Amino acid sequence: MSHFLSTLRTRMALVEQRVTAACQRAARPRSDVTIVPVTKSLSVEGLKLAIEAGLDNLGENRPQEFWKRAAAAPNITWHFIGHLQRNKIEKTLPLASLIHSVDTIRLLVALDAEAGKQNRVSEVLLEVNASGEASKHGFSPEDARNLADAINATSHLKVRGLMTMAEPHADPEKCRPTFATLRSLRDYLAPRVLAGHEFRELSMGMTGDFEVAIEEGATFVRLGSVYFEGLEAS
Ligand SMILES: *Cc1c(COP(=O)(O)O)cnc(C)c1O
């Protein structure tokens, strides 16, 4: 077996142990948490090997790469996790099982209209800038509290919940308040959102902080480096 595959399989087993342990600490079933490996650092050859290793939910953050890769691997459950401009919606919608990163009302409205045009119901999450960093996309927590009407006004979207990115910290405990903020926003909005949306998901946690995110209620963790750092398919 190639170095790439054997290394990746070892890392997959370690990640699985860490996710399972975090679920246990939080008294949550392992099935609550979906791991979304983020393949942006991989070459196309690396992506093939990742799929061969058994990864089947994958995330990409750049539209052009997302389109190429999702079209080339149609049996994967593809997650779009990056900033999406409105002129990229049309091509993204048919390929994305879940768009994690709806960061404005304008984008939400445009996605709803395009999903209607394509005669589909698309699943999305709303991105919240829960850490308050100036450079980040996303609704402020204050604005997010007022989103129920906009969510309920959509007709071709299922708004499944919220997503955030914590500020990177050497000590992941420092990310806990950001994740707790997202969870309390979800808990505030859920009873105000129409039941058909099944508004309950929390996409939060990356390589540096995913265990804390799971302890705080993450249902999707988006993991890149912990799987793929330093791996090159030859
Ligand atoms: C790259 C990326 C990740 C994964 O980051 P790692 O720290 O490598 O795990 C998660 N979410 C988003 C939005 C990303 O762009």
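As a convention, each chain's residues are numbered from 1 in the sequence order in which they are written. Given that this is a predicted model, residues contribute local features only at a pLDDT of at least 70 and side-chain atom pairs are listed and counted only at 80 or more, while totals for whole chains, interfaces and linings are drawn from all residues. The side-chain figures draw on all heavy atoms in the structure; neither hydrogens nor water molecules are used.

Draft legend 1. Region of the structure containing the overall build of the protein. What counts as a helix is a DSSP run of H or I of at least four residues, what counts as a strand is a run of E of at least two, and both are numbered from the N terminus. Regarding its fold elements, the protein presents 10 helices and 8 strands. With C-alpha atoms as the basis for the radius of gyration, the globule rule is written as 2.2 Å multiplied by the number of residues raised to the power 0.38. For the protein, whose C-alpha radius of gyration is 17 Å, the value lies close to the compact-globule estimate of 17 Å for 234 residues. Projected onto the principal axes, the alpha-carbon positions of the protein cover approximately 55 × 40 × 35 Å. Here the protein holds 234 residues, and 50% of them are scored as buried. Charge assignment in this entry is limited to Lys and Arg as positive and Asp and Glu as negative, and neither His nor the chain termini are counted. A charged residue contributes its charge at one atom only: NZ of Lys, CZ of Arg, CG of Asp or CD of Glu. Across the protein, the 28 positively charged side chains and the 29 negatively charged ones have centroids separated by 2 Å. The buried label goes to any residue with under 20% of its type's maximum accessible area, the exposed label to any with over 50%, and the partly exposed label to all in between, with areas taken from a 1.4 Å probe on protein chains only.

Draft legend 2. Spatial organisation of the pattern of salt bridges. By convention in these notes, a salt bridge is any Lys or Arg side-chain nitrogen within 4 Å of a carboxyl oxygen on Asp or Glu. For the structure shown, the criterion picks out 20 salt bridges. We note a salt bridge from Glu 201 to Arg 160, for which the minimum N-O separation is 2.9 Å. Of this pair, Glu 201 sits in strand S7 (residues 201-203) while Arg 160 sits in strand S6 (residues 157-163), and the two are 41 residues apart along the sequence. Taken individually, Glu 201 and Arg 160 each receive the classification buried, so the pair is uniform in this respect. Between Glu 216 and Arg 183 there is a salt bridge whose closest N-O contact spans 2.4 Å. One end of the pair, Glu 216, is in the loop between helix H9 (210-215) and strand S8 (220-223); the other, Arg 183, is in helix H8 (residues 176-189), and 33 residues separate them in sequence. One connected set of salt bridges, linked through shared partners, spans Arg 25, Glu 173, Arg 176, Arg 183, Glu 215 and Glu 216.

Draft legend 3. Fine view of the site of the ligand. Around the ligand sit Val 38, Lys 40, Asn 61, Ile 81, Met 165, Met 206, Thr 207, Arg 222, Leu 223, Gly 224 and Ser 225, and that is every residue in its neighbourhood. The side chain of Arg 222 places a nitrogen or oxygen atom 2.9 Å from a nitrogen atom of the ligand. Pairs of N or O atoms are called polar contacts if they sit within 3.5 Å, as long as, within protein, a hydrogen donor faces a hydrogen acceptor (for residues adjacent in sequence, only side-chain-to-side-chain pairs). Here an oxygen atom of the ligand and a side-chain polar atom of Ser 225 are 2.5 Å apart. Only the protein chains shown count as cover for residues, and the accessible areas themselves come from Shrake-Rupley with a 1.4 Å probe. In isolation the ligand has 390 Å² of accessible area, and contact with the protein removes 87% of it. Three classes are used: nonpolar for Ala, Val, Leu, Ile, Met, Phe, Trp, Tyr, Cys and Pro, charged for Asp, Glu, Lys and Arg, and polar for all others, with Gly counted as polar. Looking at the shell around the ligand, its residues break down into 5 nonpolar, 4 polar and 2 charged. Proximity criterion: a residue is near a molecule or strand once any of its heavy atoms comes within 4 Å of it.

Draft legend 4. Looking closely at the packing of aromatic side chains. Note on aromatic pairs: the rings of Phe, Tyr and Trp (six-membered ring only in Trp) are paired at centre separations within 6.5 Å, and the planes decide the class, stacked below 30 degrees, edge-to-face beyond 60, tilted for the rest. In the structure shown here, the tally under the stated rule is 3 aromatic pairs. Aromatic pair Phe 66 and Trp 78: ring centres 6.2 Å apart, planes at 90 degrees, arrangement edge-to-face. On the criterion of sequence distance, the pair formed by Phe 66 in helix H3 (residues 63-72) and Trp 78 in strand S3 (residues 77-80) is long-range, its members being 12 residues apart. For the pair Phe 66 and Phe 80, a centre-to-centre distance of 5.3 Å together with 80 degrees between the ring planes defines the contact as edge-to-face. Within this pair, whereas Phe 66 is found in helix H3, its partner Phe 80 is found in strand S3, the two being separated by 14 residues in sequence. Residue Phe 66 is classed as buried on the basis of its relative accessible area, which comes to 0%. Judged by its relative accessible area of 0%, Phe 80 falls in the buried class. Put simply, the rings of Phe 66, Trp 78 and Phe 80 pair up and form one aromatic cluster. A ring is scored as having a charge over it whenever the NZ atom of a lysine or the CZ atom of an arginine sits within 6 Å of its centre and within 35 degrees of its normal. Over the aromatic face of Tyr 188 sits the side chain of Arg 192, whose NZ or CZ is 3.8 Å from the ring centroid.

Draft legend 5. Structural view of the pairing of S8. Of the two faces of S8, the one carrying Phe 220 and Arg 222 and the one carrying Val 221 and Leu 223 are both buried. Two strands make a pair as long as DSSP finds a minimum of two bridges between them. Here strand S1 (residues 34-37) runs beside S8; their pairing, made up of 4 bridges, is parallel. What sits directly across from Thr 34, in S8, is Phe 220.

Draft legend 6. Structural detail: the nonpolar core. Residues belong to one nonpolar core when they are buried, are Ala, Val, Leu, Ile, Met, Phe, Trp, Tyr or Cys, and are joined through side-chain atoms within 4.5 Å. The biggest cluster of nonpolar side chains holds 68 residues, and the ones touching the most others in it are Leu 8, Ile 99, Leu 111, Leu 126, Leu 162, Ile 214 and Tyr 227. If you tally residues by element for this core, the top one is helix H1 (residues 3-25), at 8 residues. Counting residues in hydrophobic clusters, the runner-up holds 5 residues, among them Leu 98, Leu 125, Met 163 and Phe 220.

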